[in-house]
Amino acid sequence: MSRRGREAAPTPGAVRPTVNVCRGCCCGNPAKVPGMDHEAQLAELRARLAGLAMVRRTGCLDVCERSNVIVVQPSAEGRRAGGRPVWLGGVNDPGAAADIVAWVNGGGPSLADPPGILDLYLCSPSRRVRHELEG
């Protein structure tokens with residue numbers, strides 16, 4: 001872990017998918033999403049995806065109106081097959097985390113079709129983040 005308490009960023013072309021779990025200003029905030037055990041969600045993703053994907057806690061991903069945000073990045077094989085990061089917002093239901101686990105277990109972006117229910121969670125990065133990703 002770095003001095004900031006975050007895990008190292010994945011290397012480009014990471015062998016495994018990467019699941020980025022936002023825990024910035026709004027995501028993971030009990031005042032914004034009361035009644036949800038945010039740490040349990042992160043722990044469940046880490047436990048169920050151990051050895052299958054890198055699960056990273058990130059700072060603010062700048063889509064605060066859609067907290068909790070999770071971004072699933074494809075593996076190297078998924079990228080070669082045309083996969084791109086998939087942004088999911090409002091992931092506040094334990095079932096959604098289970099659906100993400102099932103999808104990543106199948107290969108993740110471009111290698112497996114996500115469960116249809118995840119369509120309800122699709123969102124886009126903010127204009128600022130899109131600009132940074134393009135630059």
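Note that the coordinates shown come from a computational prediction; the quantities given were computed from them, not determined experimentally.

A. Representation of the pairing of strand S1 (residues 18-22). Counting buried residues along S1, five of its five residues qualify, which places the element largely inside the surrounding structure. Burial along S1 is two-sided: Thr18, Asn20 and Cys22 and Val19 and Val21, pointing in opposite directions, are all buried. As defined by bridge partners, S1 adjoins strand S2 (residues 54-58) across five bridges and the pair is classed as parallel. Looking across to S2, one finds that asparagine 20 is bridged to arginine 56. Crossover connection from S1 via helix H1 (residues 38-48) to parallel S2: handedness right-handed. Summarising the sheet, S1 and strand S3 (residues 70-73) pair through four bridges and their orientation is antiparallel. Bridge assignment links valine 19 to a residue of S3, and that residue is valine 72.

B. The arrangement of the nonpolar core in detail. Ranked by internal contacts, the top residues of the largest apolar core, which has 21 residues, are Val19, Leu45, Leu49, Ile70, Val72 and Ile100. Elements with a contribution of two residues or more to this core: S1, H1, S3, strand S4 (86-88) and helix H3 (94-105). Ranked by residues supplied to this core, first place goes to H3 with six residues. Dropping the residues within four chain positions of it, valine 19 is found in contact with Leu49, Ala53, Met54, Val55, Arg56, Ile70, Val71, Val72 and Val104. By size, the runner-up hydrophobic cluster in this structure holds nine residues, among which are Cys22, Cys27, Val63 and Val71.

C. Geometry of the pairing of S3. Burial of S3 is two-sided: the residues Ile70 and Val72 facing one way and the residues Val71 and Gln73 facing the other way are all buried. Pairing analysis gives three bridges linking S3 to S4, with the strands arranged antiparallel. What sits directly across from valine 72, in S4, is valine 86.

Cut-off values and rules
Residues numbered from 1 in each chain as written. Predicted model: local features only at pLDDT ≥ 70, side-chain atom pairs only at ≥ 80, totals over all residues. Heavy atoms only, no water. Buried < 20%, exposed > 50% of the residue type's maximum accessible area, 1.4 Å probe, protein only. Helix = DSSP H or I, 4+ residues; strand = E, 2+ residues; numbered from the N terminus. Pairing = 2+ DSSP bridges. Right-handed = clockwise from strand over helix to strand, strands pointing away. Core = buried A, V, L, I, M, F, W, Y, C linked by side-chain atoms within 4.5 Å. Contact = heavy atoms within 4.5 Å.

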